[in-house]
Amino acid sequence: MDLTRSLSDVVALVAGLVAVLAPFFWADAQAATQPLLILGALLVVSALWSILGAGGASSWVTAAFGALLLVSPWAFGFDGDSASAWTAWITGGVTVIVGLLTVLQVRGRTTVAA
């Protein structure tokens, strides 16, 4: 099991759980509920799928879900609600960074091994 890959999946899982739970605890905007729930659930499912060893989504897919979460406050119009917007920006940004770092690390190992 690749420790770097599994660590990025755990970070994606935690970020997804934060996004899913946000509308129930601190995010008040009605416009934020659906994007946070759906994109957070996609992150949770893809991370669990990968952690459980079923192949799972690539780090590119995880980074794409994070990017969608990152731009969702502007796309769905809840950038005025600070709690919802900051939740989306932080969880999306962390997921994008971790996903892209994992892609670069895997690519670097593949290049060295070849």
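Described below are features of the structure shown in this document. (Residues numbered from 1 in each chain as written. Predicted model: local features only at pLDDT ≥ 70, side-chain atom pairs only at ≥ 80, totals over all residues. Heavy atoms only, no water.)

1. Looking at the overall build of the protein
Next up, step 1: A count of helices and strands for the protein gives four helices and zero strands.
Next up, step 2: For the protein, the residues scored as buried account for 42% of the 114 residues in total.
Next up, step 3: In the protein, the share of contacts with a sequence separation of at least 24, taken over all contacts with a separation of at least 6, comes to 65%.
Next up, step 4: Carbon and sulfur atoms provide 75% of the accessible area of the protein, an area that totals close to 6,300 Å². (Helix = DSSP H or I, 4+ residues; strand = E, 2+ residues; numbered from the N terminus. Buried < 20%, exposed > 50% of the residue type's maximum accessible area, 1.4 Å probe, protein only. Contact = heavy atoms within 4.5 Å. Areas by Shrake-Rupley, 256 points an atom, 1.4 Å probe, with all protein chains shown as cover.)

2. Re helix α2 (residues 30–51)
Next up, step 1: In this model, α2 (22 residues) spans 32 Å end to end at C-alpha, consistent with the 32 Å of a helix rising 1.5 Å per residue.
Next up, step 2: Buried within α2 are the following residues: Ala 32, Pro 35, Leu 36, Leu 39, Gly 40, Leu 43, Val 44, Ser 46, Ala 47 and Ser 50.
Next up, step 3: Looking at the residues trailing α2, positive phi occurs at Gly 53, about 85°. (Expected span 1.5 Å × (residues − 1).)

3. With respect to the packing of aromatic side chains
Next up, step 1: The tally for this structure, following the rule as stated, stands at two aromatic pairs.
Next up, step 2: Plain terms: the ring middles of Trp 74 and Trp 89 are 5.3 Å apart, the flat faces sit at 35° to each other, and that makes the pair tilted. Of the two residues, Trp 74 sits in helix α3 (residues 59–76) while Trp 89 sits in helix α4 (residues 82–113), which places them 15 residues apart along the sequence.
Next up, step 3: Taken together, a centroid distance of 5.2 Å and an interplanar angle of 90° make the contact between Trp 86 and Trp 89 edge-to-face. In this pair, Trp 86 and Trp 89 both sit in helix α4, three residues apart, roughly one turn of the helix.
Next up, step 4: Ring-pair connections join several aromatic residues into one group, and the members of that group are Trp 74, Trp 86 and Trp 89. (Phe/Tyr/Trp six-rings, centres within 6.5 Å; stacked < 30°, edge-to-face > 60°.)

4. Structural notes on the nonpolar core
If you look at soluble globular proteins, the nonpolar side chains tend to sit buried side by side.
Next up, step 1: If you look at the biggest cluster of nonpolar residues, it comprises 16 residues, and the most contacted ones within it are Ala 32, Leu 36, Leu 43, Leu 69 and Phe 78.
Next up, step 2: At the level of secondary structure, the elements contributing two or more residues to this core comprise α1 (3–25), α2 and α3.
Next up, step 3: Apart from the residues within four sequence positions on either side, Ala 32 is in contact with Phe 78 and Ser 84. (Core = buried A, V, L, I, M, F, W, Y, C linked by side-chain atoms within 4.5 Å.)

Function-wise, these values are silent; they only describe arrangement.
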